Amino acid sequence: VPFPELLAALARGDATVRLNDGSLGILSEEWFKQFGLLSTLGQAEGDHVRFAQTQAGLLDALLAAQDTVLYDAHFEAVREKLKNFKGIQVVEEPAGFQGELRPYQREGFGWLKFLQDFSFGGCLADDMGLGKTIQLLSLLQERKNHSAEHLPSLVVVPKSLIFNWISEAAKFTPGLRVIEYTGLSRARLRKKFAKADLVLTTYGTIRRDIIALKEVKFDYVVLDEAQAIKNAGSQVAKACRLLQGRH
């Protein structure tokens with residue numbers, strides 16, 4: 001029985017599974033104990049099951065009780081990184097950042113770096129006015145300084161905040177190449193994405209242009225005022241889920 005089918009049967013609570021010859025195979029109680037939790041975590045893809053990197057610690061704990069489990073080099077590296085993690089470090093302003101971060105902003109910058117190092121997603125939920133934009137700009141400047149492969153980052157904002165982002169970027173990270181992807185003639189700007197560091201656009205534009213934008217690979221995809229996608233069934237939320245971001 002293909003492993004995804006086995007896990008699907010366990011997730012449904014089925015006591016049997018259909019075998020290739022048409023007969024029924026019985027799923028033992030031992031299998032439920034061994035694979036039951038795994039069955040609710042993974043995403044079936046062909047003849048295998050895919051797990052998110054954020055689940056690495058949980059997978060490691062679940063598989064530790066198994067007698068024989070083989071790990072590939074990437075999973076082994078993630079395991080070691082998690083085991084050796086000593087905590088989030090405060091990070092100071094990167095070269096090219098014009099200004100000075102407050103202590104709590106440096107902590108936030110360090111937290112964003114932690115998410116980056118472990119390939120985790122996150123929600124930066126500081127109170128209004130505490131400088132979330134500045135912390136994110138610090139991160140993008142740091143990426144420009146050290147990333148081996150250049151990709152533009154995309155920031156999606158309500159239309160009313162476009163000017164604020166442009167202003168803050170010009171003030172604190174003047175070295176970042178910024179493109180405002182809005183307006184009726186925006187299609188021609190897509191050719192310039194590859195040379196940009198930061199692409200600013202709106203939720204409305206994402207919804208209208210997702211067919212083209214879902215083909216673009218971005219370094220970071222950032223949703224500002226992310227309550228805009230709180231309704232998971234809305235067109236804008238569905239569009240945002242199609243965006244390709246390394247982070």
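First, a word on scope: everything that follows refers to the structure included in this document.

Topic: the overall build of the protein
Thinking step 1. In terms of helices and strands, the protein carries 9 helices and 10 strands.
Thinking step 2. For the protein, the C-alpha atoms occupy an extent of roughly 65 × 45 × 35 Å along the three principal directions.
Thinking step 3. Out of the 247 residues in the protein, the part that is buried amounts to 38%.
Thinking step 4. Summing over all exposed atoms, the protein offers an accessible surface of approximately 14700 Å²; the carbon and sulfur share of this is 54%.
Thinking step 5. Taking the average place of the 31 positive charges on the side chains of the protein and the average place of its 29 negative ones, the gap between the two points comes to 10 Å.

Some remarks on helix α3 (residues 56-63)
Thinking step 1. Restricting attention to buried positions, one finds in α3 the residues A56, L59, D60 and L63. Down the axis of α3, the buried set is contained in an arc of 100 degrees. They therefore lie on one face.
Thinking step 2. Those residues of α3 hidden inside the fold are in contact with α4 (73-83).

Notes on the pattern of salt bridges
Thinking step 1. In this structure the tally under the stated criterion is 14 salt bridges.
Thinking step 2. Two residues, D60 and R79, come together in a salt bridge whose shortest N-O distance is 2.7 Å. Residue D60 is found in helix α3, and its partner R79 is found in helix α4; the two are separated by 19 residues along the sequence. Residues D60 and R79 agree in their burial class; the two are buried.

With respect to the layout of surface pockets
Thinking step 1. By volume, the largest pocket is sized at about 1200 Å³.
Thinking step 2. Listed by contribution, the elements that provide at least two residues to the lining of the largest pocket are α5 (103-117), α6 (132-146), α7 (162-172) and β9 (221-223).
Thinking step 3. Grouping the constituent residues of the lining of the largest pocket by class yields 19 nonpolar, 12 polar and 8 charged.
Thinking step 4. Put simply, the second largest pocket is a space of about 530 Å³.
Thinking step 5. As for the second largest pocket, its lining consists of 19 residues, and the residues nearest its centre are V49, F51, L59, L63 and F75.
Thinking step 6. Mapped onto the lining of the second largest pocket, the elements with two or more residues apiece are β4 (48-50), α3 and α4.
Thinking step 7. Per-class residue counts for the lining of the second largest pocket are 14 nonpolar, 3 polar and 2 charged.

Re the sheet that holds strand β7 (residues 198-202)
Thinking step 1. Spatially, β6-β7-β5-β9 is the arrangement adopted by the 4 strands of the open sheet, whose pairing is parallel. Two strands in the sheet have a free side with no partner beyond their single neighbour: β6 (178-180) and β9. Within this sheet the neighbouring strands show an average axis-to-axis angle of 20 degrees, counted without direction.
Thinking step 2. Bridge count between strand β5 (residues 153-157) and β9: 3 bridges; the pairing is parallel. Bridging from a neighbouring strand, L154 pairs with V221 of β9.
Thinking step 3. Sitting on the sheet, α7 is in contact with β5, β6 and β7, with an inclination near 165 degrees to β7.
Thinking step 4. With respect to the sheet, helix α8 (residues 203-213) is in contact with β5, β7 and β9, its orientation differing from that of β7 by roughly 95 degrees.

Quick word on the pairing of β5
Thinking step 1. Most of β5 is tucked away: 5 of the 5 residues are buried.
Thinking step 2. Sheet topology note: the β5/β7 ladder contains 5 bridges and is parallel. Its bridge partner being in β7, V157 is matched across the sheet by T202.

Procedures and definitions
Residues numbered from 1 in each chain as written. Predicted model: local features only at pLDDT ≥ 70, side-chain atom pairs only at ≥ 80, totals over all residues. Heavy atoms only, no water. Helix = DSSP H or I, 4+ residues; strand = E, 2+ residues; numbered from the N terminus. Buried < 20%, exposed > 50% of the residue type's maximum accessible area, 1.4 Å probe, protein only. Areas by Shrake-Rupley, 256 points an atom, 1.4 Å probe, with all protein chains shown as cover. Lys, Arg positive; Asp, Glu negative; His and termini not counted. Charge placed at Lys NZ, Arg CZ, Asp CG, Glu CD. Arc of directions from axis to C-beta. Contact = heavy atoms within 4.5 Å. Salt bridge = Lys/Arg side-chain N within 4 Å of Asp/Glu carboxyl O. 1 Å grid on protein atoms, 1.4 Å probe; cavity = no way out; pocket = protein on both sides within 12 Å on 5 of 7 lines; lining within 4 Å. Points joined across faces, edges and corners; volume = space filled by probe spheres on them. Nonpolar A, V, L, I, M, F, W, Y, C, P; charged D, E, K, R; others polar. Pairing = 2+ DSSP bridges. Axes fitted to C-alpha atoms, helices over the stretch in contact; angles between N-to-C directions.

Without other data, these values stay purely geometric and don't point to any function.
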